[in-house]
Amino acid sequence: KELRLEWPSGTVDVLRDVSEKILAYYKSLPPGDASDDSLFRRLKVLQDLGHALAIQGESARAEEMFRTSLELAVKLSAGTLGKTNWQEELLSGHQEIGEILETRGEFAQALQEFEQSLAIAQRLATNTLSAPVWQQHLSQSRLKVGDARRALADKAGAQEAYQAALETARSLAGRDTNNEAWQ
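Scope of this entry: the structure provided in the associated data block. (Residues numbered from 1 in each chain as written. Predicted model: local features only at pLDDT ≥ 70, side-chain atom pairs only at ≥ 80, totals over all residues. Heavy atoms only, no water.)

1. Considering the environment of Asp 154
Link 1 in the chain: Among the secondary structure elements, Asp 154 is positioned in the loop between helix H6 (132–151) and helix H7 (155–175).
Link 2 in the chain: In this structure Asp 154 comes out as partly exposed when scored by relative accessible area, which is 27%.
Link 3 in the chain: Separated by 2.8 Å, the side chain of Asp 154 and the backbone nitrogen of Gly 157 make a polar contact. (Helix = DSSP H or I, 4+ residues; strand = E, 2+ residues; numbered from the N terminus. Buried < 20%, exposed > 50% of the residue type's maximum accessible area, 1.4 Å probe, protein only. Polar contact = N/O pair within 3.5 Å; in protein donor to acceptor, adjacent residues only side chain to side chain.)

2. Some details on helix H2 (residues 36–55)
Link 1 in the chain: End to end, H2 covers 28 Å across 20 residues, agreeing with the expected 28 Å (1.5 Å per residue, within 8%).
Link 2 in the chain: Immediately beyond the C-terminal end of H2, within one or two residues, lies Gly 57, with a positive phi of roughly 85°. (Expected span 1.5 Å × (residues − 1).)

3. Re unusual backbone geometry
Link 1 in the chain: Located in the positive-phi region is Ala 153, a residue other than glycine, with phi close to 65°.
Link 2 in the chain: By the secondary structure assignment, Ala 153 is in the loop between H6 and H7.
Link 3 in the chain: On the basis of relative accessibility, which here comes to 64%, the residue Ala 153 falls in the exposed class.

4. With respect to the side chain of Lys 144
Link 1 in the chain: Relative to the helices and strands, Lys 144 resides in helix H6.
Link 2 in the chain: For Lys 144, a relative accessible area of 17% corresponds to the buried category.
Link 3 in the chain: If near-sequence neighbours (up to four positions away) are discounted, Lys 144 is found in contact with Gln 95, Glu 99, Glu 102 and Phe 114. (Contact = heavy atoms within 4.5 Å.)

5. Side note on the pattern of salt bridges
Link 1 in the chain: In this structure the tally under the stated criterion is 15 salt bridges.
Link 2 in the chain: Across the pair Lys 21 and Asp 17 runs a salt bridge whose closest N-O atoms are separated by 3.2 Å. You can see Lys 21 and its partner Asp 17 sitting in helix H1 (residues 11–28), 4 residues apart, about one turn around the helix.
Link 3 in the chain: Exposure remark for Lys 21: the relative accessible area of 54% places this residue in the exposed category.
Link 4 in the chain: Among the salt bridges present, the one from Asp 154 reaches Arg 149, with a minimum N-O distance of 3.0 Å.
Link 5 in the chain: When salt bridges that share partners are traced, they join Glu 63, Arg 67, Arg 104, Glu 106 and Glu 113 into one network. (Salt bridge = Lys/Arg side-chain N within 4 Å of Asp/Glu carboxyl O.)

Any functional reading would require information that these geometric values do not contain.
In structure tokens:
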């Protein structure tokens, strides 16, 4: 299974080139700028490069970029459980690594990453009940766990995860019947 996204011709090459140049610039700077803004910018560039590499079929390097961005997300989120933007970066990091592993057929390792993203989504969905975005993340994380469990021939575990995702999606749909994405 290969990760394929549709991008205009040449766009991925440009994204990769620009991301690599920005990373080279960051590496040329003297160590010491560990402000949240600086770490966040680096994290985003690593994610962009990871996406470009994944699209181009370089999953090992893409995984490396996503793992490095996840390390930065861990630094940013340390001691700030209330800052949901850093928690979202943790959730996304685990999910992106899981997707890379999934495309390589490494389903047990992918499941571990998806379960970590699910734990974050569950905590955020519980702590911020009024924010539907966390319910969406929760549903998506449950689907990913279900997919990995299905690939591992864990039918009962997959069904449980899919059922929980369906319940979350139904709850979202009931919140706003005018939101087409939730129907």
